Amino acid sequence: MDKGAKIYVAGHRGLVGSAILRRLQAEGYQNLVLRTRKELDLTDQRAVYRFFEEERPEYVFLAAAKVGGILANATYPADFIRENLLIQTNVIDAAYRYGVKKLLFLGSSCIYPKYAPQPMKEEYLLTGPLEPTNEAYAVAKIAGIEMVQAYRRQYGFNGISLMPTNLYGPGDNFDLETSHVIPALLRKFHEAKVSGRWEVVVWGTGTPRREFLHVDDLADAALFLMRHYDGEEIVNVGVGEDISIRELAELIAKVVGFRGKIVYDTSKPDGTPRKLLDVSRLFSMGWRPRIPLEEGLRQTYAWFQAHVAEARGARGG
Ligand SMILES: NC(=O)C1=CN([C@@H]2O[C@H](COP(=O)(O)OP(=O)(O)OC[C@H]3O[C@@H](n4cnc5c(N)ncnc54)[C@H](OP(=O)(O)O)[C@@H]3O)[C@@H](O)[C@H]2O)C=CC1
Ligand SMILES: C[C@H]1O[C@H](OP(=O)(O)OP(=O)(O)OC[C@H]2O[C@@H](n3cnc4c(=O)[nH]c(N)nc43)[C@H](O)[C@@H]2O)[C@@H](O)[C@@H](O)C1=O
């Protein structure tokens, strides 16, 4: 990917896409092709073909998808399977047809079986039943992995697939119904602190364990693999360590400065009991994450205060 290469970042306003865009811009890439969803709906196959025919990007980072936390996945499975199948099928096929040199597809750690041995190696894919709360999303992601591999085998198309663990960082979705746990808890603790409430409700039992990667580290890994990896095998992207939701809640309370009580709403789902990736494939290539969790949470909280809490305050929300 030379600095003049024409690069399409699909989903450049999302958590991951915006981090990849920041990183590309910081490294001096200027020939970037960007479209908002309003300008190009990636579920519309004809529009996607027209776009690739006109723009002819050389590299594609596919970071557009229907994404959400445990409750959104469990409540809207039809949207998750439909939109993700359409977006990824259209973009991967158009990339192949219109001569893209390399495409990077993003899966997720939820593609692995619910009770996979921990940490989860890439070869555990399709070895057991999935977690029901995100089965529709996971099946779409697994189809995307298969499609990238099939296009490599049949057509020699250079697509690679990354399986990131749970991500967080600036630009995340802070909506309490649809977000992932980190943005939800940052917001809940912040709002409790500023309004003087003494209790914060955390979903589930607090016992599930999750692994969290800052999105700037994910963007770093995405560029690293775009440059150095051309294989068919999927690659896990994570930090190699996990923590319980209870420990996470206590850490976020500390970061935000909330000193009240944390209560657990066990009517909400826990989801997969544990999701820790085996990252030895990626680490053996020489890549390492740089941002420790507490530092990443402090930086994300500062971003939330400046961009989300401030804007809501200004709107009186
Ligand atoms: N967040 C996480 O914890 C994880 C994410 N991933 C993967 O990373 C990728 C990016 O996720 P993330 O950045 O978190 O998601 P976001 O929801 O933050 O961003 C998704 C982006 O996709 C765009 N998009 C969605 N639907 C369409 C459409 N029909 N046409 C055009 N654009 C569309 C959105 O546009 P708009 O802004 O206009 O709505 C948005 O920019 C996904 O593949 C996801 O599965 C993997 C593991 C964990
Ligand atoms: C990235 C990943 O994200 C999803 O899977 P998940 O890991 O279960 O994601 P989550 O961040 O929503 O929850 C993690 C844990 O945290 C608990 N939890 C506590 N309190 C809140 C809370 O307030 N909000 C949320 N969302 N969760 C909470 C929650 O009950 C669960 O035990 C899938 O979409 C999946 O498809 C996927 O790819």
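Being a predicted model, the structure only gives us computed values, none of them experimental.

Caption draft 1: Representation of the sheet that holds strand 11 (residues 243-244) in the model. Spatially, 3 strands are ordered 11-8-13 in an open sheet, and the strand pairing comes out mixed. On the outer flanks of this sheet lie strand 11 and strand 13 (274-275), each paired with one strand and no other. Examined bridge by bridge, strand 8 (residues 209-210) and strand 13 share 2 bridges and lie parallel to one another. Following the sheet pairing, arginine 209 is matched in strand 13 by arginine 274.

Caption draft 2: Structural context of the site of ligand 1. Close contacts around ligand 1 come from 25 residues, with Leu15, Val16, Arg37, Tyr137 and Lys141 the closest. In this structure, leucine 42 approaches ligand 1 through a main-chain N or O atom, which is 2.9 Å from a nitrogen atom. Burial of ligand 1 by the surrounding chains reaches 86%, relative to a free accessible area of 900 Å². Secondary-structure elements contributing two or more residues to the shell around ligand 1 are helix 1 (15-26), helix 5 (135-155) and strand 6 (166-168). Classifying every residue of the shell around ligand 1 gives 13 nonpolar, 8 polar and 4 charged.

Caption draft 3: Structural detail: the layout of surface pockets. There is about 210 Å³ of room inside the second largest pocket. Lining the second largest pocket we find 14 residues, and of these Phe212, Val239, Glu241, Pro292 and Leu293 sit closest to its centre. Along the lines of polarity and charge, the residues of the lining of the second largest pocket split into 8 nonpolar, no polar and 6 charged.

Caption draft 4: Fine view of the site of ligand 2. Around ligand 2 sit 23 residues, and of these Gly68, Asn73, Arg210, Pro269 and Asp270 come closest. Separating an oxygen atom of ligand 2 from a side-chain N or O atom of asparagine 166 is a distance of 2.9 Å. Contact between ligand 2 and valine 181: an oxygen atom at 2.8 Å from a main-chain N or O atom of the residue. Taken by itself ligand 2 offers 700 Å² of open surface, and the protein chains cover 97% of this. The leading source of residues in the shell around ligand 2 is helix 6 (residues 181-195), at 4 residues. In terms of residue class, the shell around ligand 2 is built from 11 nonpolar, 8 polar and 4 charged.

Caption draft 5: Representation of helix 8 (residues 245-256) in the model. Under the 1.5 Å per step criterion, the end-to-end length of helix 8 is 16 Å for 12 residues, consistent within 8% with the ideal 16 Å. Along helix 8, the residues that are buried comprise Ile245, Leu248, Ala249, Leu251, Ile252, Ala253, Val255 and Val256. The first or second residue beyond helix 8 is glycine 257, which carries a positive phi of 90 degrees.

Caption draft 6: Quick look at the packing of helix 2 (residues 45-55) against helix 4 (residues 77-97). Direction vectors running N to C along helix 2 and helix 4 enclose 35 degrees, while the axes themselves pass 9 Å from each other. Here the hand of the crossing between helix 2 and helix 4 comes out right-handed. In this structure, helix 2 contributes Gln45, Val48, Tyr49 and Phe52 to the contact, and helix 4 contributes Asn90, Val91, Asp93, Ala94, Ala95 and Arg97. Residue composition of the contact of helix 2 with helix 4, grouped by class: 6 nonpolar, 2 polar and 2 charged.

Caption draft 7: Region of interest: the UniProt feature "domain: NAD-dependent epimerase/dehydratase" (unreviewed entry) in the protein. Per the UniProt record, "domain: NAD-dependent epimerase/dehydratase" (unreviewed entry) is found at residues 7-238. Between the end C-alpha atoms of residues 7-238 the distance is 25 Å, and the span holds 43% helix and 16% strand.

Conventions we followed
- Residues numbered from 1 in each chain as written.
- Chains lettered and ligands numbered in written order.
- Predicted model: local features only at pLDDT ≥ 70, side-chain atom pairs only at ≥ 80, totals over all residues.
- Heavy atoms only, no water.
- Pairing = 2+ DSSP bridges.
- Helix = DSSP H or I, 4+ residues; strand = E, 2+ residues; numbered from the N terminus.
- Near = heavy atom within 4 Å.
- Polar contact = N/O pair within 3.5 Å; in protein donor to acceptor, adjacent residues only side chain to side chain.
- Areas by Shrake-Rupley, 256 points an atom, 1.4 Å probe, with all protein chains shown as cover.
- Nonpolar A, V, L, I, M, F, W, Y, C, P; charged D, E, K, R; others polar.
- 1 Å grid on protein atoms, 1.4 Å probe; cavity = no way out; pocket = protein on both sides within 12 Å on 5 of 7 lines; lining within 4 Å.
- Points joined across faces, edges and corners; volume = space filled by probe spheres on them.
- Expected span 1.5 Å × (residues − 1).
- Buried < 20%, exposed > 50% of the residue type's maximum accessible area, 1.4 Å probe, protein only.
- Axes fitted to C-alpha atoms, helices over the stretch in contact; angles between N-to-C directions.
- Left-handed = near helix turned anticlockwise from the far one by under 90°.
- Contact = heavy atoms within 4.5 Å.
- UniProt positions renumbered as here; feature names shortened; annotations may be inferred.

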